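Residues per chain, in single letters:
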Amino acid sequence: MNRTKFAALLLTALFALSLAACGAKSQPDTTEDMAPSADASMQQFPAFEGKDLDGNAVNSQDLFSENAVTVVNFWFTTCGPCVGELADLDALNKELQKQDGRLIGINAFTLDGNETAVAEAKDVLAKTGASYTNVYFDSDSEAGTFASGVYAYPTTYVVDRSGNLVGEPILGAVTEPKQMESLKQMIQQAIDQDKG
Amino acid sequence: MDKRPFGVSRLLSRCRGWIQAGAALLTNLHLPNFLRGGLYQGPGKRLCVPGLNCYSCPASAGACPIGAFQAVVGSSKFHFSYYITGLLILLGVLLGRFICGFLCPFGWFQELLYKIPLAKRSTKALYPLTWLKYLVLLGMVVLLPMLAVNQAGLGDPFFCKYLCPQGVLEGAIPLALVNPGIRATLGDLFLWKCGILLAVILCSIAFFRPFCKWLCPLGAFYALFNQISLVRMQVDQTKCISCGKCAKACKMDVDVTRTPDHTECIRCGMCVRACPTGAVRFCCGAPSGKARSGAGQTAQPTPQTDPTKQGEKP
């Protein structure tokens, strides 16, 4: 019985240790995860200054204020479903441009302007016929921290003219009919709010 | 070569439940994440854990070796994952299916279900099904992600996506419970995976570790190393009285006295506990000549024929 008690004590100690460890370490990771999706309607997309994939400077203020609605799609180069929807996102971008909106992409691998990643991202975009703007920024900026909290790819946010997040982020490919419907609803909501 | 004392083998097999629980906990250390709906994304995630444990489990401290393999082999950049394959080979050569018996959380899950006191069935007659897991390994884990690619050269992780019950148990369900964004993505694929999980759960009540026997590609991979792994089973032929209790106790349908390095042996040690003379034990390192596979050993070795037993009483 002594051995059993010892083993039980050891397991309990490990358990307690894990709780303590998590308190210290994973808090930075996970609270950022929850922040964007928990109450997105009151939140802002973090302001950023960065570049597009051709090296031209962009900043979020100009980007968002020029359009009634901006759809922001997070993806990365080796993500199957992300790449699978790029062509459809390009079509969505063209549609949005008729309505005072636009779509931009953020490839998580290209943060900090990693040259290889940028080249590969451009390659994939070319292969899938996606011509819309993709941007990157520093990973240790506020936007970079926001981006590192995204753990499910692709994730799509809808942002209004003032940079506020509209509705909940869409997880998974927006080519799914249910998700496309939710996205279109949020886009319409942003456009209506902009008019009013 | 090995002379692991008798007591250790018995102790190891008796503590196996605790070791399995400890391994499951260490593999999924970040428990509070279950409530937060996020994943641990720190540096630990770059290492693969030895057992079958989903990367997307909120609490997971490491990556799943099978998931990682598919993700890398299915990407357009790397056509073969040297790091992950190398790591798996290392684990296989050191431990073989000892990992299955002691360190795999999903194996432990099935064993807990088996404890439910309902009708039990033997899997002896279903032995041919054990070949299926090699097909799963070759087809779903290696070939399909490598070959069934989209226009950008990306393949899907077929095993994770269409078969793995651990992923839906540890990843999809906990995340969907807490994260509304994930919940919104659930569809037919989730139903299919839940169906598989339910089938595995029900089978695990009636049969001992059915997933490990018939479907697990990781077990299939480690099984390839059972013949050469450092940790293995050893039968002292001088003590064995051929009573057959070990074979009867074995739930993986292995006769350790004839084939101690059988691909189906998960080194759980039930044979060690069943043996009345202490002939069966765990061993580490190349076994001495007398303890090599029982097949072909008829006469008891004498000190003249077995140099390792010089001066020892039989």
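**Q** Please set out the overall build of chain B residue by residue, giving values where relevant.
**A** Scanning chain B from N- to C-terminus turns up 16 helices and two strands. Sorting the 314 residues of chain B into buried and exposed places 53% on the buried side. Just so you have it, chain B exposes about 13,900 Å², and 70% of that area is on carbon and sulfur atoms.

**Q** Tell me what's going on with the environment of S56(B), and back it up with residues and numbers.
**A** All names here are of chain B. As for its placement among the helices and strands, S56 is situated in the loop between α3 (33-36) and α4 (65-73). In this structure, the C-alpha to C-alpha distance between S56 and G171, residues 115 residues apart in sequence, is 4.9 Å. The contacts of S56, once residues within four sequence positions are left out, are L39, E170, G171 and L175.

**Q** Tell me about the confidence of the model for chain A, and name the residues and values.
**A** Do not read the predicted coordinates in detail wherever pLDDT is low. Per-residue confidence for chain A averages 84 on the pLDDT scale, and 81% of its residues sit at or above 70. Note on residues 21-41 of chain A: pLDDT under 50 across the span, and 43 contacts to partners over four residues away in sequence or across chains.

**Q** Outline the packing of helix α7 (residues 105-114) of chain B against helix α10 (residues 165-178) of chain B, supporting the account with residue identities and numerical values.
**A** Residues and elements named next belong to chain B. Two elements in contact, α7 and α10, have axes separated by 11 Å at closest approach and are oriented at 95°. Classified by the angle their axes make, α7 and α10 are roughly perpendicular. When α7 is examined against α10, the residues P105, F106 and F109 are found in contact with a partner set consisting of P165, Q166 and L169. Classifying every residue of the contact of α7 with α10 by side-chain character gives five nonpolar, one polar and no charged.

**Q** So what's going on with α7(B)? Which residues, and what values?
**A** Residues and elements named next belong to chain B. The buried count for α7 comes to seven of ten residues, which makes it a mostly enclosed element. Of all the residues in α7, the buried ones are P105, F106, G107, Q110, E111, L113 and Y114. Packing partners of the buried residues in α7 comprise α2 (16-27), α10, α12 (188-206) and α13 (210-214).

**Q** An account of the state of the cysteines is requested, with residue identities and associated values reported.
**A** Chemically, a disulfide is nothing more than a covalent bond linking the sulfur atoms of two cysteines. Under the criterion given, the structure shown has one disulfide over all chains. Paired by a disulfide, C79(A) and C82(A) hold their sulfur atoms 2.2 Å apart. Between C79(A) and C82(A) the disulfide shows an S-S torsion of about 75°. By sign, it is right-handed. Residue C79(A) shares its accessibility class with C82(A), and that shared class is buried. Note on C57(B): no disulfide assigned, nearest cysteine sulfur contributed by C54(B) at a separation of 7.2 Å. Assessed through its relative accessible area of 0%, C57(B) is described here as buried. The thiol of C104(B) is unpaired, and the distance to the nearest cysteine sulfur, on C216(B), comes to 6.2 Å. Note on C104(B): relative accessible area 11%, which makes it buried.

**Q** Give me the lowdown on the nonpolar core, citing residues and values where you can.
**A** Generally speaking, nonpolar side chains in soluble globular proteins are found buried as a group. Residue and element names in this part refer to chain B. One finds L52, F159, Y222, M233 and V280 to be the most contacted residues of the largest nonpolar core, which totals 60 residues. Per-element accounting of this core gives the leading share, six residues, to helix α8 (residues 132-147). With residues up to four places along the chain from it excluded, the contact list for F159 reads L52, I66, Q70, V136, M140, V141, C164, F211, L215 and P217.

**Q** Pulling in residues and values, what's your account of the packing of aromatic side chains?
**A** All names here are of chain B. Under the counting rule described, the total for this entry stands at 23 aromatic pairs over all chains. With a centroid separation of 4.2 Å and an interplanar angle of 15°, the aromatic rings of F98 and F102 are classed as stacked. Of this pair, F98 and F102 are both found in helix α6 (residues 98-102), four residues apart, which corresponds to roughly one turn of the helix. With a relative accessible area of 0%, F102 lands in the buried category. The ring of Y55 has K45 lying over it, and the distance from NZ or CZ to the ring centre is 4.1 Å.

**Q** Which residues make up the packing of α4(B) against helix α5 (residues 82-95) of chain B, and what are the values?
**A** Residue and element names in this part refer to chain B. It is at 9 Å that the axes of α4 and α5 come closest, and there the two elements cross at 150°. The angle between α4 and α5 falls in the class roughly antiparallel. Between α4 and α5 lies a crossing of left-handed hand. When α4 is examined against α5, the residues P65, A68, F69 and V72 are found in contact with a partner set consisting of I84, T85 and L88. Looking at the contact of α4 with α5 residue by residue, the class counts come to six nonpolar, one polar and no charged.

**Q** Give a detailed account of a nonpolar patch on the surface, specifying residues and quantitative values.
**A** Residue and element names in this part refer to chain B. Nonpolar side chains collect at one region of the surface, where L126, L129, L132 and L135 lie side by side and expose about 320 Å² of accessible area between them. As for its placement among the helices and strands, L132 is situated in helix α8. Relative accessible area serves as the criterion here: at 34%, L132 is assigned to the partly exposed category.

**Q** Can you tell me about unusual backbone geometry, naming the residues and giving the values?
**A** Residue P154(A) is reached from Y153(A) by a cis peptide bond, and omega for that bond is -5°. Along the chain, P154(A) turns up in the loop between α6 (142-148) and β6 (155-160). Backbone geometry places D112(A), a non-glycine residue, at a positive phi of 70°. Tracing the backbone shows D112(A) in the loop between β4 (101-107) and α5 (115-128). Phi is positive for D253(B), close to 65°, though the residue is something other than glycine.

**Q** Let's hear about the sheet that holds β4(A): which residues, and what values?
**A** Residues and elements named next belong to chain A. Spatially, β2-β1-β5-β4-β3-β6-β7 is the arrangement adopted by the seven strands of the open sheet, whose pairing is mixed. The open sheet is flanked by β2 (57-59) and β7 (165-171), the only strands paired with a single partner. Pairwise comparison of adjacent strand axes, ignoring direction, gives a mean angle of 30° for this sheet. Pairing between strand β1 (residues 49-52) and strand β5 (residues 134-136): two bridges, direction antiparallel. Bridging across to β5, D52 finds its partner in V135. Sitting on the sheet, helix α4 (residues 86-97) is in contact with β3 (69-75) and β4, with an inclination near 150° to β4. Helix-sheet contacts for helix α7 (residues 177-195) involve β3, β6 and β7, and the interaxial angle to β7 is about 165°.

**Q** For the pattern of salt bridges, give the residues involved together with the corresponding values.
**A** Under the counting rule described, the total for this entry stands at 13 salt bridges over all chains. Between E111(B) and R209(B) there is a salt bridge; the shortest N-O distance is 2.7 Å. Taken as a pair, E111(B) in helix α7 and R209(B) in the loop between α12 and α13 lie far apart in primary sequence, 98 residues in all. As far as burial versus exposure is concerned, E111(B) and R209(B) are alike and both buried. Close ionic contact of D261(B) with R267(B) constitutes a salt bridge, the shortest N to O distance being 3.6 Å. Judged on exposure class, the residue D261(B) and its partner R267(B) are both buried. Through salt bridges with shared partners, one network takes in D100(A), R161(A) and D194(A).

Criteria and thresholds
Residues numbered from 1 in each chain as written. Chains lettered and ligands numbered in written order. Predicted model: local features only at pLDDT ≥ 70, side-chain atom pairs only at ≥ 80, totals over all residues. Heavy atoms only, no water. Helix = DSSP H or I, 4+ residues; strand = E, 2+ residues; numbered from the N terminus. Buried < 20%, exposed > 50% of the residue type's maximum accessible area, 1.4 Å probe, protein only. Areas by Shrake-Rupley, 256 points an atom, 1.4 Å probe, with all protein chains shown as cover. Contact = heavy atoms within 4.5 Å. pLDDT = per-residue confidence, 0-100. Axes fitted to C-alpha atoms, helices over the stretch in contact; angles between N-to-C directions. Parallel < 35°, antiparallel > 145°, perpendicular 65-115°, else oblique. Nonpolar A, V, L, I, M, F, W, Y, C, P; charged D, E, K, R; others polar. Disulfide = S-S within 2.5 Å. Core = buried A, V, L, I, M, F, W, Y, C linked by side-chain atoms within 4.5 Å. Phe/Tyr/Trp six-rings, centres within 6.5 Å; stacked < 30°, edge-to-face > 60°. Lys NZ or Arg CZ within 6 Å of the ring centre and 35° of its normal. Left-handed = near helix turned anticlockwise from the far one by under 90°. Patch = residues over 30% accessible without salt bridge, like charges linked within 9 Å, V, L, I, M, F, W, Y side chains within 5 Å. Salt bridge = Lys/Arg side-chain N within 4 Å of Asp/Glu carboxyl O. Pairing = 2+ DSSP bridges.

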